[in-house]
Amino acid sequence: MAIDKELLDQLLPNYKNPEDLIGENGLLRQLTKALMERALEAEMATHLGYEKSDPVEKPDANRRNGKSKKTMKGDFGELEITTPRDREATFEPRLIGKGQTRMAGLDGKIISMYARGMTTRDIQGHLEELYGVEVSPTLISNVTDAVLDEVHAWQNRPLDAVYPIVYLDALVVKMREQGQVENRAVYVAIGIDMQGHKEVLGLWTSANEGAKFWLSVLTELKNRGLEDIFIACVDGLKGFPQAIETAYPKTTVQLCIVHLVRASLRYVSWKDARAVVADLKLIYRAASREDADRQLAAFETVWNGKYRSVGQLWRRHWEHVVPFFAFPPEIRKVIYTTNAVESLNMTLRKVIKTRGSFPNEESAFKLLYLALRNVAKKWHTIQGWPQALNRFAILWEDRFPGHARQ
């Protein structure tokens, strides 16, 4: 809507500095108050069926009955608004509902700051500094608690029948349990859907990361509609492959190479770490599985004298190391690393680092969910996905969505 220039000139006849416009008693605050009160009067006129200056045809008809005042909080700071009343108390304003004390937008700002890891005290100080609005810790808690229903719905939403790749990992969060602060594992599952888009399938928590609990997570995913996973990318947790094979017997388990290299370096002196990593790279960058077998044997020839445990570690997990060699080089990295979930976990750690601990599980999930929602906005389609999908269609034609209809 175009605003008449002459009207603007009338509103700003003596403008000299920004304070005249955006200051505590500036034009914007005055204009906001005037517009809101005029809109409320218009709503009342619609409700009664006549304007304030119109004669009332029926003497016993509902009428205006004075005004009440309420203080609203918003981007403009705190503003006292006069609200009209009617005799029958049937007027329900839409602009400012009964009991409402915050303008639309303020709750969103609180949630946005909370999602970026700001503490309650940080949020209080930020709102007061920028907008001159004083909010209590209880208010911030109530606003963010309103997200919990959304979290529960998200955690229990139906899933696609097939996610070609699912990454499974966990991060540790300090949480208060029965009056004591303890480390708890928060389990994260990320699926790549048929279009190549990343999607967090859910969050779960337990006292520690274990294959038994992962089995319960996988069972829940199945109950929510996830019927098949082509490849599950996991860390080296003992019993993890067996848990996956129990829930999804046809799934190929791919051990995360990054996790395996890290585990290998636990046995290696820092002086030799660079050389060992370079030789391990020759194994997982090999052209084929046969070449990888030769490179592993060569690695053992060079390093078994000092670090036999490294070769044994790779041999022990070899069955779950080599599946990615069935794919062309350009899509192997999509498969053999849990970087997708590692990167997500790194972001989540940045958000929760300002918290000494969480008072309960719901508090942790509330923050993690909001942080996930922010991160997901920046996700893009997996690079090289069409090539990967074509290979999946050849390897697992009978399991590929739509096969039965062709």
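Note that the structure is predicted; figures quoted are calculated from it, not measured. (Residues numbered from 1 in each chain as written. Predicted model: local features only at pLDDT ≥ 70, side-chain atom pairs only at ≥ 80, totals over all residues. Heavy atoms only, no water.)

## Some points on the overall build of the chain
So, step 1. Counting its secondary structure elements, the chain contains 17 helices and seven strands.
So, step 2. Buried residues in the chain amount to 46% of all 406 residues.
So, step 3. Taking the contacts inside the chain whose residues are at least 6 apart along the sequence as the reference set, 63% of them involve residues at least 24 apart.
So, step 4. On the chain, roughly 22400 Å² of surface is accessible, and the fraction owed to carbon and sulfur atoms is 51%. (Helix = DSSP H or I, 4+ residues; strand = E, 2+ residues; numbered from the N terminus. Buried < 20%, exposed > 50% of the residue type's maximum accessible area, 1.4 Å probe, protein only. Contact = heavy atoms within 4.5 Å. Areas by Shrake-Rupley, 256 points an atom, 1.4 Å probe, with all protein chains shown as cover.)

## Let's talk about the nonpolar core
So, step 1. In this structure, Ile165, Leu168, Leu221, Trp314 and Phe392 are the most contacted members of the largest nonpolar core, which totals 102 residues.
So, step 2. Residue contributions to this core peak at 10 residues, all from strand 3 (residues 162-177).
So, step 3. In this view, Leu221 contacts Leu159, Leu201, Trp204, Leu226 and Tyr248; residues no more than four positions away in its chain are not counted.
So, step 4. With six residues, the next largest nonpolar core counts Leu40, Leu79, Ile81 and Ile96 among its residues. (Core = buried A, V, L, I, M, F, W, Y, C linked by side-chain atoms within 4.5 Å.)

## Let's talk about the pattern of salt bridges
So, step 1. Taken as a whole and judged by the stated rule, the model has 11 salt bridges.
So, step 2. Residues Glu80 and Lys69 are paired through a salt bridge, measuring 3.8 Å at the closest nitrogen-oxygen approach. With a gap of 11 residues between them, Glu80 in strand 2 (residues 77-86) and Lys69 in strand 1 (residues 64-74) connect regions that are remote in the sequence.
So, step 3. Under the relative-accessibility criterion, Glu80 is labelled partly exposed at 42%.
So, step 4. A residue is classified by how much of its surface remains accessible, and Lys69, at 61% relative accessible area, is exposed.
So, step 5. In this structure, Arg224 and Glu220 form a salt bridge, with 3.7 Å as the shortest nitrogen-oxygen distance.
So, step 6. Classification of Arg224 by relative accessible area gives buried; the value is 10%.
So, step 7. Each of the salt bridges in this network shares a partner with another, and the network as a whole consists of Glu41, Arg64 and Lys67. (Salt bridge = Lys/Arg side-chain N within 4 Å of Asp/Glu carboxyl O.)

## Quick word on the sheet that holds strand 3
What links the strands of a sheet is backbone hydrogen bonding, and the strands pair in either a parallel or an antiparallel sense.
So, step 1. Judged by pairing direction, the sheet is mixed, and its five strands sit side by side in the order 5-4-3-6-7 without closing on themselves. With partners counted over all chains shown, the strands left at the sheet margins are strand 5 (198-206) and strand 7 (252-255), one partner each. Each strand of the sheet is rotated relative to its neighbour by a mean of 25 degrees, with strand direction disregarded. (Pairing = 2+ DSSP bridges. Axes fitted to C-alpha atoms, helices over the stretch in contact; angles between N-to-C directions.)

## Regarding the state of the cysteines
So, step 1. What the rule picks out here adds up to zero disulfides.
So, step 2. For the unlinked cysteine Cys233, the closest cysteine sulfur is that of Cys256, found at 7.8 Å. (Disulfide = S-S within 2.5 Å.)

## Comments concerning the packing of helix 7 (residues 148-155) against helix 16 (residues 361-376)
So, step 1. Interaxial distance between helix 7 and helix 16 falls to 10 Å at its minimum, and their mutual angle equals 75 degrees. By the angle class used here, helix 7 and helix 16 are roughly perpendicular. When helix 7 is examined against helix 16, the residues Leu148, Glu150, Val151, His152 and Trp154 are found in contact with a partner set consisting of Glu362, Lys366, Tyr369, Leu372 and Arg373.
So, step 2. Looking at the contact of helix 7 with helix 16 residue by residue, the classes come out as five nonpolar, one polar and four charged. (Parallel < 35°, antiparallel > 145°, perpendicular 65-115°, else oblique. Nonpolar A, V, L, I, M, F, W, Y, C, P; charged D, E, K, R; others polar.)

## Considering the packing of aromatic side chains
So, step 1. For the structure on display, the rule yields 13 aromatic pairs.
So, step 2. Ring centres of Tyr187 and Phe213 lie 4.5 Å apart, and the angle between their planes is 35 degrees; this geometry places the pair in the tilted category. Placement of the pair is Tyr187 in strand 4 (residues 180-192) and Phe213 in helix 8 (residues 211-223), with a sequence separation of 26 residues.
So, step 3. We classify Tyr187 as buried; its relative accessible area is 0%.
So, step 4. On the basis of an interplanar angle of 45 degrees and a centroid distance of 6.3 Å, the ring pair of Phe327 and Trp396 is categorised as tilted. Here Phe327 is found in the loop between helix 13 (318-321) and helix 14 (329-336), whereas its partner Trp396 is found in the segment after helix 17 (385-395), with 69 residues between them in sequence. Accessibility assignment for this pair places Phe327 and Trp396 in one class, buried. (Phe/Tyr/Trp six-rings, centres within 6.5 Å; stacked < 30°, edge-to-face > 60°.)

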